[in-house]
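Coordinate analysis (summary)
For reference, the chains in residue letters:
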Amino acid sequence: MWAYTVGFTVLPHVGSFFGWFINRKEIPVWYEKLKKPSWCPPRRIFPVAWTVLYTGMGYASYLIWNDLGGCSSKAIVPLGLYGAQLALNWAWPLFFFGAHNLKMALIDILCLDGLVIGTMCSWYRINKIATLLMVPYLGWLAMATCLTIRIWKDNPEQKPGKSE
């Protein structure tokens, strides 16, 4: 049974690593040039925070899977919502860092917020501990959403044909 626990706990880190690997050169170059608010956390905080958050949400998804008896019909909605929010979570860095598309990153994170809330609501009756493990993630997402909005507003996209 420990292999399932480890698998579910590690899964969120896989997409995160993939996103970092693809965008690793853009972060120190493009991101540093963006206008950011004074309350933006330092870059070195992000990997630590995401490691803790991904581990918590991964373990929480294991608890839900386990309580519902594995991949049963009862697990379709709660784990489907979880999978959908995880996909949007993994897509955000591709929009933001990879494509430099702040508007799409904003749309992505707003949808992500809704899916995380939906996931937590669907999990609450199944396992309250799993739901509580998602609270720090939702809190961090609230900050990340505000940060994305602010960066999008403060860094208007260049119109085609215009240069700095």
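Now for a quick tour of the structure. Model, not experiment: these values are computed from the prediction.

Remarks on the overall build of the chain
Helix and strand counts for the chain come out as seven helices and zero strands. Moving toward the C terminus, one meets the helices and strands of the chain in the order α-α-α-α-α-α-α. Scaling as 2.2 N^0.38, a compact globule of 164 residues should have a C-alpha radius of gyration of about 15 Å, and the chain matches this with 17 Å. Projected onto its principal axes, the C-alpha coordinates of the chain cover approximately 55 × 30 × 25 Å. In the chain, buried positions account for 40% of the 164 residues. Within the chain, contacts between residues at least 6 apart in sequence are counted, and of these 77% link residues at least 24 apart. Carbon and sulfur atoms form 69% of the exposed surface of the chain, whose accessible area is close to 9,500 Å². For the chain, the distance from the average position of its 15 positive side-chain charges to the average position of its 8 negative side-chain charges is 2 Å.

Describing helix 5 (residues 102–124)
Taking 1.5 Å per residue, 23 residues should reach 33 Å; helix 5 reaches 33 Å between its end C-alpha atoms and fits that length. Buried within helix 5 we find L102, A105, L106, D108, I109, L112, D113, V116, T119, M120 and W123.

Here's the deal with a nonpolar patch on the surface
Taken together, the side chains of F17, F18, W20, F21, I22 and L94 define a hydrophobic patch exposed on the protein surface, amounting to about 620 Å² of accessible area. Top contributing element to the nonpolar patch by residue count: helix 1 (residues 2–23), with five residues.

With respect to the environment of A91
Along the chain, A91 turns up in helix 4 (residues 76–98). Using a relative accessible area of 18% as the deciding quantity, one classes A91 as buried. Sequence separation between A91 and E157 is 66 residues; the distance between their C-alpha atoms is 20 Å.

Rules behind the numbers
Residues numbered from 1 in each chain as written. Predicted model: local features only at pLDDT ≥ 70, side-chain atom pairs only at ≥ 80, totals over all residues. Heavy atoms only, no water. Helix = DSSP H or I, 4+ residues; strand = E, 2+ residues; numbered from the N terminus. Rg over C-alpha atoms; globule rule 2.2 N^0.38 Å. Buried < 20%, exposed > 50% of the residue type's maximum accessible area, 1.4 Å probe, protein only. Contact = heavy atoms within 4.5 Å. Areas by Shrake-Rupley, 256 points an atom, 1.4 Å probe, with all protein chains shown as cover. Lys, Arg positive; Asp, Glu negative; His and termini not counted. Charge placed at Lys NZ, Arg CZ, Asp CG, Glu CD. Expected span 1.5 Å × (residues − 1). Patch = residues over 30% accessible without salt bridge, like charges linked within 9 Å, V, L, I, M, F, W, Y side chains within 5 Å. Salt bridge = Lys/Arg side-chain N within 4 Å of Asp/Glu carboxyl O.

This is a description of form; function is not addressed.
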